[in-house]
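Inside the fold
Below are the chains, spelled out letter by letter.
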Amino acid sequence: MNEYFNSSADYYMQKENERKAIKRISIISGLCVIAYVAIQNVLSIIIYLTPLGKLYETDLTMRSVVTIFLSVLGLMLPFAVGGALIGRKTGSSVFNFGKPVSTKLMLAAVPLGFFVCLIGNYITGIFVTYMETLGIALSSPEYPTPSDLPDRIIYSVSIAVVPALVEEFAIRGAVLQPLRKYGDKFAILVSSLLFAIIHGNLIQAPFALIAGIGIGYAVCITNSVWTGVLIHFCNNFFSVFVSFLIEDIQDETMLDSVYLKLMIVLYAISITGSVIFVILKGRRKLMPSFTALSEGKKFRTFVFTLPMIITILVMLYLTSNYIDFA
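Residues numbered from 1 in each chain as written. Predicted model: local features only at pLDDT ≥ 70, side-chain atom pairs only at ≥ 80, totals over all residues. Heavy atoms only, no water.

1. Side note on the overall build of the chain
Scanning the chain from N- to C-terminus turns up 11 helices and two strands. Element order for the chain, N to C, with α for helix and β for strand: α-α-α-α-β-α-α-α-α-α-α-α-β. The globule rule puts the C-alpha radius of gyration for 326 residues at 20 Å, and the 21 Å found for the chain is close to it. Projecting the C-alpha coordinates of the chain onto the three principal axes gives extents of approximately 80 × 50 × 40 Å. Sorting the 326 residues of the chain into buried and exposed places 45% on the buried side. Look at the contacts in the chain between residues 6 or more apart in sequence, and 82% of them connect residues 24 or more apart. As presented, the chain carries roughly 17200 Å² of accessible surface, and 68% of it is formed by carbon and sulfur atoms. The distance from the centre of the 24 positive side-chain charges to the centre of the 20 negative ones in the chain is 17 Å. (Helix = DSSP H or I, 4+ residues; strand = E, 2+ residues; numbered from the N terminus. Rg over C-alpha atoms; globule rule 2.2 N^0.38 Å. Buried < 20%, exposed > 50% of the residue type's maximum accessible area, 1.4 Å probe, protein only. Contact = heavy atoms within 4.5 Å. Areas by Shrake-Rupley, 256 points an atom, 1.4 Å probe, with all protein chains shown as cover. Lys, Arg positive; Asp, Glu negative; His and termini not counted. Charge placed at Lys NZ, Arg CZ, Asp CG, Glu CD.)

2. Quick word on the packing of helix H4 (residues 103-133) against helix H8 (residues 225-248)
Between H4 and H8, whose axes approach to 9 Å, the crossing angle comes to 45 degrees. Taken together, the axes of H4 and H8 lie oblique to each other. As H4 runs across H8, the sense of the crossing is right-handed. From H4, Met106, Ala109, Val110, Gly113, Phe114, Cys117, Leu118 and Asn121 reach across to H8, where they touch Trp226, Thr227, Leu230, Ile231, Cys234, Asn235 and Phe238. (Axes fitted to C-alpha atoms, helices over the stretch in contact; angles between N-to-C directions. Parallel < 35°, antiparallel > 145°, perpendicular 65-115°, else oblique. Left-handed = near helix turned anticlockwise from the far one by under 90°.)

3. Some details on the environment of Cys32
For Cys32, the position within the fold is in helix H1 (residues 2-48). By relative accessible area, which is 5% here, Cys32 ends up buried. For the pair formed by Cys32 and Tyr130, sequence separation is 98 residues and the distance between their alpha carbons is 33 Å. Sequence-distant contacts of Cys32, that is, excluding residues within four places in its chain, are made with Pro78, Phe79 and Gly82.

4. Thoughts on unusual backbone geometry
Phi angles above zero are rare outside glycine, and Asn223 is one such case at about 65 degrees. Position of Asn223 relative to the elements: it lies in the loop between helix H7 (204-222) and H8. The class of Asn223 is partly exposed, set by a relative accessible area of 34%.

5. Examining empty space enclosed by the protein
Here the idea is plain: a probe the size of a water molecule rolls over the atoms and shows the empty space left. Counting across every chain of the model gives one cavity of 30 Å³ or more. What the largest cavity holds in volume is close to 60 Å³. In terms of lining residues, the largest cavity is bounded by Leu60, Arg63, Ser64, Thr67, Tyr143, Pro144, Pro146, Tyr155, Ser158 and Ile159. Secondary-structure elements contributing two or more residues to the lining of the largest cavity are helix H3 (60-90) and helix H5 (149-179). A total of four residues in the lining of the largest cavity trace back to one element, the largest contributor, which is H3. A per-class count over the lining of the largest cavity returns six nonpolar, three polar and one charged. (1 Å grid on protein atoms, 1.4 Å probe; cavity = no way out; pocket = protein on both sides within 12 Å on 5 of 7 lines; lining within 4 Å. Points joined across faces, edges and corners; volume = space filled by probe spheres on them. Nonpolar A, V, L, I, M, F, W, Y, C, P; charged D, E, K, R; others polar.)

6. Looking at a nonpolar patch on the surface
A cluster of nonpolar residues, Val161, Leu165, Trp226, Phe233, Phe237 and Phe241, forms a patch on the protein surface that exposes about 490 Å² of accessible area. For the nonpolar patch, the secondary structure elements donating two or more residues are H5 and H8. Top contributing element to the nonpolar patch by residue count: H8, with four residues. For Leu165, the position within the fold is in helix H5. Of the residues examined, Leu165 reaches a relative accessible area of 38% and is grouped as partly exposed. (Patch = residues over 30% accessible without salt bridge, like charges linked within 9 Å, V, L, I, M, F, W, Y side chains within 5 Å. Salt bridge = Lys/Arg side-chain N within 4 Å of Asp/Glu carboxyl O.)

7. Focus: the packing of aromatic side chains
Inspection of the entire model under this criterion finds eight aromatic pairs. When the centroid spacing of 6.0 Å and the interplanar angle of 75 degrees are considered together, the rings of Tyr48 and Tyr56 count as edge-to-face. Given the relative accessible area of 46%, Tyr48 is considered partly exposed. Taking the relative accessible area as the measure of exposure, Tyr56 reaches 16% and is therefore buried. An aromatic cluster is defined as three or more aromatic residues linked by ring pairs; in this entry it consists of Phe97, Phe169 and Trp226. Sitting above the plane of the Tyr56 ring, Arg63 keeps its charged end 4.6 Å from the centroid. (Phe/Tyr/Trp six-rings, centres within 6.5 Å; stacked < 30°, edge-to-face > 60°. Lys NZ or Arg CZ within 6 Å of the ring centre and 35° of its normal.)

Purely geometric stuff here, so don't read any function into it on its own.
Laid out in structure tokens, this is it:
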């Protein structure tokens, strides 16, 4: 009888410890996003109230530099502080991106992740078109494409390099990694939802959700955030490259032809790479959940904390600015 009660007490204690740990990560993550929004807005106001404001509007290089500055200071700084707090509580370092279990597996995971991104783009396109049939026009922040080579280099860094490092550190590093002890599937889903939310519009958010799941899966299988950085970079650089094509090729027929050939090549590489990934992966699987909490309980615990609820409400408000009801 005593053994039964001891076992029940241990089980209850385990559930409470797990709930508190997940809640702690949720609170810190929510505060990080709130800080991110606050820092972005404060710095934007400061910039517009100074001569930098005019330069930002007229000089594409300055716009790229400011974008890099806002990304690093606005997103990376809060999650660096939050990641340090999470690491102190969990006993792990979220600043360690991890050495992949296999370099070949990591390289093969890149086309797999990019393939998921291509699918995400396709599904997002269908979603946007469907919303238009309902009389709802969706938009997202736009960045003018520069024409000069030096400007394009800085533009590429601001769109492809910096977000790949900063966003992967914040989402797959500071959020996904500490949550993996409660099951990889749970960690991937929750981090992907947060990844979608922080984009703040209904064009990028659905894509980010799908891409986040693919990137999270690749990160967990290879056991390295660097895998996510590579996938993220390839996807963003693809977007940058397409924007350069649109800027440089004025003939619409030629542009369509070049784009079609490019997509055929990319799909071929992505599918082939995905097959190689499956072969190299062998029996490696996502880490199962050995927790006392159910999947639903873990999810509710993460979502329903005050900072996370505020985060969701704030991001929904920001998202509404990119929705136009006809």
